[in-house]
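Spelled out from the first residue to the last, the chains are:
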Amino acid sequence: MPALKKVSCDKLDEIHEKLYRFLKSRDWERTFRLRNLDEDKEVKNIIEFFKRNSTIKGSVGDASIYVISIYCLNPRSRSGKVFIVPLVVERGSSGYTVKMGRLGFDVFSASSEEEVVEHVRKKIGDFMRLFEKALSVKNPNAPMLVELLGCAEEARLIDFLWRIYGDELLSDEEVISGVYRVCFGESDFFINDRVIVIPSIGLFVARDKRSNKIFRYDYNFNVLEFYEVSPRDRLFYDVLPKVFGDLLKPEFVVKAPDGGWYMLSSSEAVVDGRRVSFATIGTYLPVDKRWFLHDIVAIACGESAENRCSIYSFREGYASRNIYIATHNVPSDYKESFLRYILGSEKTQRRAREWITEELAKEHEWEILPA
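All figures in this text were calculated on a predicted structure; none of them were measured in a lab. (Residues numbered from 1 in each chain as written. Predicted model: local features only at pLDDT ≥ 70, side-chain atom pairs only at ≥ 80, totals over all residues. Heavy atoms only, no water.)

Bringing the overall build of the protein chain into the picture now. Counting its secondary structure elements, the protein chain contains 11 helices and 18 strands. Each principal axis of the C-alpha atoms in the protein chain carries an extent, and together these give about 70 × 45 × 40 Å. Counting all 371 residues of the protein chain, 50% fall into the buried class. Summed over all atoms, the accessible surface of the protein chain reaches about 18,500 Å², with 47% contributed by carbon and sulfur. Charge separation in the protein chain, taken as the distance between the mean sites of 55 positive and 57 negative side-chain charges, equals 4 Å. (Helix = DSSP H or I, 4+ residues; strand = E, 2+ residues; numbered from the N terminus. Buried < 20%, exposed > 50% of the residue type's maximum accessible area, 1.4 Å probe, protein only. Areas by Shrake-Rupley, 256 points an atom, 1.4 Å probe, with all protein chains shown as cover. Lys, Arg positive; Asp, Glu negative; His and termini not counted. Charge placed at Lys NZ, Arg CZ, Asp CG, Glu CD.)

Right under this line is the structure:
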């Protein structure tokens, strides 16, 4: 990975410590708006520091971009360190906006440069090559791409989409800006015909429209990997974008015993002649004034009575015929209420309601028998 420069571990620690101390002194503020660069000498010094130490430099329009991407090896401890951090300085009509990305600092076991490169690839894929390509052709989306270096899941998702769509992705401002807004907390989700991003339930999905395949991430030893969603489960991902707007509208808001609030909502859709029922549960976050989703579940039943129903947890990424296993991410105090809400919703198909009723009866019968 040519974008990574090897330095001594002392040098890497020195660079990391300087930027860490600067951010700490600014209460972790990363964006600075100045009428001119002499207005804030510390910020000006940081810009000069990036100019001296960056391994990648370039400009796109009114934005100057710098990236410090360095690594070191310690043969005695058989460990490696990687430090990646970007800086974007953009000039506008009213002055300058200076944005420092998140500090991507990582320590891991390594005994060779090849292992360092492999470690970085597992974290963010070939995203650095994608960004360098965007910078070299002065693509207007390059400033957003470089800031995504600080968001491991979002960067890996963009990298995976690049493998699917090639350089045409560089011009897809809707996807890049949508994923960017989620990365930096400007939005809680982003969904279109290429991606589904809902971090609160760990949902990062890429769609290959040409092959009609859907891929979802999975953590493997804390590394983001993508796997193809099975044709059986793909139905749920095809439908989710169509109903997601409805699921964000609280149908019921309930006060919890601890004084908090949680919301319940539902929706339904018909795909290929099959009805799919959806339900979600979320907790209200008063500080952020928004709902935090715990899970979205979908229920589908076979065309005949012999084909039983199953419930799909988007948080877990699997379908189950045990409603309690499929809803184990729902807070325990609310699980019974959630299932009874699904049971009573008009948007839950009749066969699914019958199945849930049977499952609830079995559960309560099992609880009563030992007594």
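Below, the discussion takes up the nonpolar core. Within the largest apolar cluster, 53 residues are counted, with the highest numbers of intra-cluster contacts made by I65, F127, L145, L157, I158 and L161. With 8 residues, helix α6 (residues 152-165) is the largest single contributor of residues to this core. Among residues more than four places away in sequence, those in contact with L161 are G166, L169, V175, R194, V195 and A206. Within the second largest apolar cluster, 26 residues are counted, among which are L235, Y237, V243 and A300. (Core = buried A, V, L, I, M, F, W, Y, C linked by side-chain atoms within 4.5 Å. Contact = heavy atoms within 4.5 Å.)

Under the defined criterion, the tally for this structure stands at 13 aromatic pairs. Pairing F83 with F105 gives two aromatic rings, centres 6.3 Å apart and planes at 70°, and the pair type is edge-to-face. Of this pair, F83 sits in strand β5 (residues 79-92) while F105 sits in strand β7 (residues 104-109), and the two are 22 residues apart along the sequence. For F83, a relative accessible area of 0% puts it in the buried group. With 5.3 Å between their ring centres and 70° between their planes, F204 and Y217 make a pair best called edge-to-face. Note that F204 is positioned in strand β10 (residues 203-208) and Y217 in strand β11 (residues 213-219), a separation of 13 residues in sequence. Like F204, the residue Y217 is buried in the burial classification. (Phe/Tyr/Trp six-rings, centres within 6.5 Å; stacked < 30°, edge-to-face > 60°.)

So, about the packing of helix α3 (residues 113-124) against α6. Put simply, α3 and α6 touch, their axes get as near as 7 Å, and they point 90° apart. Relative to α6, the element α3 lies roughly perpendicular. Residue-level contacts link R121, K122, K123 and I124 of α3 to A152, A155, R156 and D159 of α6. Grouping the constituent residues of the contact of α3 with α6 by class yields 3 nonpolar, no polar and 5 charged. (Axes fitted to C-alpha atoms, helices over the stretch in contact; angles between N-to-C directions. Parallel < 35°, antiparallel > 145°, perpendicular 65-115°, else oblique. Nonpolar A, V, L, I, M, F, W, Y, C, P; charged D, E, K, R; others polar.)

This next bit is on the environment of L34. Mapped onto the secondary structure, L34 falls in strand β2 (residues 31-34). Under the relative-accessibility criterion, L34 is labelled buried at 7%. Sequence separation of L34 and T97 is 63 residues, and the distance between their C-alpha atoms is 6.4 Å. Once residues within four sequence positions are removed from consideration, L34 is found in contact with E39, D40, V43, S94, G95 and Y96.

Now for the sheet that holds strand β15 (residues 274-285). Taken in spatial order, the 6 strands of this open sheet run β13-β14-β15-β16-β17-β18, and their pairing is antiparallel. On the outer flanks of this sheet lie β13 (252-255) and β18 (318-320), each paired with one strand and no other. Sheet twist, expressed as the mean angle between neighbouring strand axes with direction ignored, is 25°. Looking at chain direction, strand β14 (residues 261-271) and β15 are connected through 10 bridges and run antiparallel. For S267, the partnering residue across the bridge sits in β15 and is F278. (Pairing = 2+ DSSP bridges.)

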